[in-house]
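Each chain, written out:
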Amino acid sequence: MDFALIAKVWTFFAAAAWVTLQISALAICLGLCLGFAAALASISRNVLLRFPARVYVSIFRGTPALIQLFLLYYGGPQIGLQLGPFEAGVIGLGINIGAYMTESIRGAILAVEKGQMEAARCLGLGHVQSMRNVILPQALRLMVRPLGVNAVALIKGSAIVSTISVVELTYTAHRYISSTYKPFEMFILASLFYLVIVSVVSFAVNRIDERVALES
Amino acid sequence: MSNDPIIRIKDLHKSFGPVEVLKGIDMDVAPGQIVALIGPSGSGKSTLLRTINQLEDVTSGEIFFDGALVNRDLPHRQREKHLNRLRQDIGMVFQHFNLFPHLTAIENVTMAPVLLGRQTKTQALAEARALLEKVGLSDRADYYPSRLSGGQKQRVAIARALAMNPKAMLFDEVTSALDPELVGEVNKVMKQLAQEHMTMIIVTHELRFASDVADHVVFMADGVVVEEGPPDALFRAPQHERTKAFLQQVFEG
């Protein structure tokens, strides 16, 4: 193990980790927005909302994220959609994780006991009022953990944006390998940075989950 | 007090898929009347109760509440509005309490009147305190449901329903999920409501309580009303074999 080399290059990896973090954070935000919208649409009684939501989830969970990313980045310009690597990365990853988040959010909403909606409706609350004041506050607590799992998956999966030359952790590792011929050190170093990010996120998710958990 | 029934059910049928669970029910409930619905499991009594506020829709027949046809055939949006308005006047208490676990006892009680613009937050809090006191839970106002016993939860649930100032209350086996020693405290609250002439329909397995508190008992089996009458008559001198068999089973069991 060439520790001298690691000492020399680690700051560049730290800078790359910052890019990984940014692209992941933005993609997660986009995924959450899409996930909430699609989850609510998918449980709507209106088929014009429900159907597109189901299609979205099926397509983006049913095809490789890498292909989706290539389609957006390389195929986009063909239909007039010109995106830089970073933008394409955020959008591609965000739309993909949004499909998974849709299922997490939908699952949490459906996991709230049926009696809760009945009790709310019996008091004379409308469907939207019941959702907002009774179902969603409980569902939010239930979705913290699954969404945390999605977020961690996304952070690790963000390595694929190296293929469209976003200068993040994986891309940086490749670049230093081609100049140093030390793949072992470089991939270990990149892994450590991923591990740190994922550990921090997991810890945060656990804390949030504990904080919002219903007393029992 | 008018003599028109506050709840009138006419030739009500309800099927779940191919299974008909209500086979033509007729029933009148006068204002202030306390009706106990008894019968074996699967007789349709809970379903009947749930059709009154349309937690279950019906296959055919009519339900009137306070003069209005509950199951009016309306487009979805209008039907929702119509039901939201009606449901404000029909309190319901469930077997499994269905308290909102993310809200404290008093928040459970104040939520609906505030959201529906019935009361200001301040009014609702004062009203809720009075209701919690009425059900004997003043000291539990700020507890979350998870910290309450079953009996306490059910009493909060009753207070929550009363907060809308309903014209009638529906009780769906409200003591069935309780430990035996907690049944009394809930029954006591219901008796108190009965004394205040709240219109009540009580689905129950507790025949002693039914005979104590109800002024009209309806015995259902297999989706029909087999026999009904004042508790004394129905319990002491049942006319139908089906009723006799049921009572015998329950009292021997």
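Keep in mind it's a predicted model, so treat the numbers as computed, not measured.

S.K.: Sorry, what's going on with the overall build of chain A here?
M.R.: In terms of regular secondary structure, chain A is built from eight helices and zero strands. Principal-axis analysis of the C-alpha atoms places the extent of chain A at approximately 70 × 50 × 20 Å. Within chain A, buried positions represent 44% of all 216 residues. For chain A, contacts bridging at least 24 residues in sequence account for 76% of all contacts bridging at least 6. Accessible area of chain A: about 11,100 Å², with a carbon and sulfur share of 70%.

S.K.: I tried to follow the pattern of salt bridges on my own but got confused; where do I start?
M.R.: Oppositely charged side chains may form a pair once their charged atoms are brought near each other. Enumeration over the complete set of coordinates arrives at 22 salt bridges over all chains. With a shortest N-O distance of 2.9 Å, Arg145 of chain A and Asp209 of chain A are connected by a salt bridge. A residue pair is termed long-range when its members are at least 10 positions apart, and Arg145 of chain A in helix α6 (residues 127–157) and Asp209 of chain A in helix α8 (residues 183–212) qualify at 64 residues. For Arg145 of chain A, a relative accessible area of 40% translates into the label partly exposed. When the shortest N-O distance is used, the salt bridge between Glu173 of chain B and Lys45 of chain B registers 4.0 Å. Taken as a pair, Glu173 of chain B in the loop between β7 (168–172) and α6 (180–195) and Lys45 of chain B in helix α1 (residues 45–52) lie far apart in primary sequence, 128 residues in all. The exposure class assigned to Lys45 of chain B is buried, which follows from its relative accessible area of 3%.

S.K.: So what exactly am I meant to see when it comes to the state of the cysteines here?
M.R.: Linking two cysteines covalently through their sulfur atoms gives a disulfide. Residue and element names in this part refer to chain A. Following the criterion strictly, the structure yields zero disulfides over all chains and no others. A disulfide-free cysteine, Cys33 has its sulfur positioned 6.8 Å from the sulfur of Cys29, the nearest such atom. Given the relative accessible area of 53%, Cys33 is considered exposed.

S.K.: What am I meant to see in unusual backbone geometry here?
M.R.: Residues and elements named next belong to chain B. Residues other than glycine seldom take positive phi values, yet Asp66 does so here, at roughly 55°. For Asp66, the location among the structural elements is in the loop between β4 (60–65) and β5 (68–69). The class of Asp66 is partly exposed, set by a relative accessible area of 42%. Positive phi, normally seen in glycine, also occurs at Asp222, with a value near 50°.

S.K.: Explain the packing of aromatic side chains here, please?
M.R.: What characterises a pair of aromatic rings is the spacing of the ring centres plus the angle enclosed by the ring planes. This structure, assessed with the given rule, holds six aromatic pairs over all chains. Summarising the aromatic geometry, the rings of Phe13 of chain A and Tyr176 of chain A are spaced 5.8 Å apart at their centres and angled 40° between planes, so their arrangement reads as tilted. One end of the pair, Phe13 of chain A, is in helix α1 (residues 3–42); the other, Tyr176 of chain A, is in helix α7 (residues 169–180), with 163 residues separating them in the sequence. Exposure remark for Phe13 of chain A: the relative accessible area of 0% places this residue in the buried category. When the ring of Phe219 of chain B is compared with that of Phe246 of chain B, the centres are 5.0 Å apart and the planes differ by 35°; the resulting orientation is tilted. Remark: Phe246 of chain B occurs in helix α9 (residues 241–252) and Phe219 of chain B occurs in strand β9 (residues 216–221); sequence separation between them is 27 residues. In terms of burial, Phe219 of chain B and Phe246 of chain B fall into one category: buried. One aromatic cluster in this structure is built from Phe12, Phe13 and Tyr176 of chain A.

S.K.: Honestly, the sheet that holds strand β3 (residues 34–38) of chain B in this entry has me stumped. Any pointers?
M.R.: Remark on secondary structure: sheet strands pair via backbone hydrogen bonds, oriented parallel or antiparallel. All names here are of chain B. In spatial order, the strands read β6-β7-β8-β3-β9-β10; together these six strands make up an open sheet with mixed pairing. If you trace the sheet from one side to the other, it starts and ends with β6 (90–93) and β10 (224–229), each paired once. Between one strand axis and the next, the sheet turns by 15° as a mean value, whatever way the strands run. On the sheet, α1 packs against β3, β6, β7, β8 (199–203) and β9 and is oriented at approximately 150° with respect to β7.

S.K.: Sorry, what's going on with a nonpolar patch on the surface here?
M.R.: Residue and element names in this part refer to chain A. A contiguous nonpolar surface patch, about 650 Å² in accessible area, is contributed by Met1, Phe3, Phe184, Ile188, Leu192 and Leu195. Here the nonpolar patch gets four residues from one element, more than from any other, and that element is α8. Among the secondary structure elements, Phe184 is positioned in helix α8. For Phe184, a relative accessible area of 56% translates into the label exposed.

S.K.: Would you explain the interface of chain A and chain B in this entry?
M.R.: For an interface, size is often stated in terms of accessible area lost upon the parts coming together. On the side of chain B, 26 residues touch chain A, which itself brings 24 residues to the contact. For the pair chain A and chain B, the two sides together bury roughly 2,100 Å², of which 58% comes from carbon and sulfur. At the junction of chain A and chain B, the tally comes to two salt bridges. For Arg50 of chain B, the salt bridge identified is with Glu118 of chain A, shortest N-O distance 2.6 Å. There are seven residue pairs in polar contact (both at pLDDT 80 or more) connecting chain A and chain B.

S.K.: Can you help me understand the packing of α7 of chain A against α8 of chain A in this one?
M.R.: Helices that pack against each other are described as a pair by the angle of their axes relative to one another and the distance between those axes. All names here are of chain A. At a minimum axis separation of 9 Å, α7 and α8 run at an interaxial angle of 160°. When the axes of α7 and α8 are compared, the pair comes out roughly antiparallel. Considering how the two elements wind past one another, α7 and α8 form a crossing that is right-handed. Where α7 approaches α8, its residues Leu169, Thr170, Ala173, His174, Tyr176, Ile177 and Thr180 are matched on the opposing element by Pro183, Met186, Phe187, Ala190, Phe193 and Tyr194. Residues that form the contact of α7 with α8 fall into these classes: ten nonpolar, three polar and no charged.

Scoring rules and cut-offs
Residues numbered from 1 in each chain as written. Chains lettered and ligands numbered in written order. Predicted model: local features only at pLDDT ≥ 70, side-chain atom pairs only at ≥ 80, totals over all residues. Heavy atoms only, no water. Helix = DSSP H or I, 4+ residues; strand = E, 2+ residues; numbered from the N terminus. Buried < 20%, exposed > 50% of the residue type's maximum accessible area, 1.4 Å probe, protein only. Contact = heavy atoms within 4.5 Å. Areas by Shrake-Rupley, 256 points an atom, 1.4 Å probe, with all protein chains shown as cover. Salt bridge = Lys/Arg side-chain N within 4 Å of Asp/Glu carboxyl O. Disulfide = S-S within 2.5 Å. Phe/Tyr/Trp six-rings, centres within 6.5 Å; stacked < 30°, edge-to-face > 60°. Pairing = 2+ DSSP bridges. Axes fitted to C-alpha atoms, helices over the stretch in contact; angles between N-to-C directions. Patch = residues over 30% accessible without salt bridge, like charges linked within 9 Å, V, L, I, M, F, W, Y side chains within 5 Å. Buried area = accessible area lost by both parts, 1.4 Å probe. Polar contact = N/O pair within 3.5 Å; in protein donor to acceptor, adjacent residues only side chain to side chain. Parallel < 35°, antiparallel > 145°, perpendicular 65-115°, else oblique. Left-handed = near helix turned anticlockwise from the far one by under 90°. Nonpolar A, V, L, I, M, F, W, Y, C, P; charged D, E, K, R; others polar.

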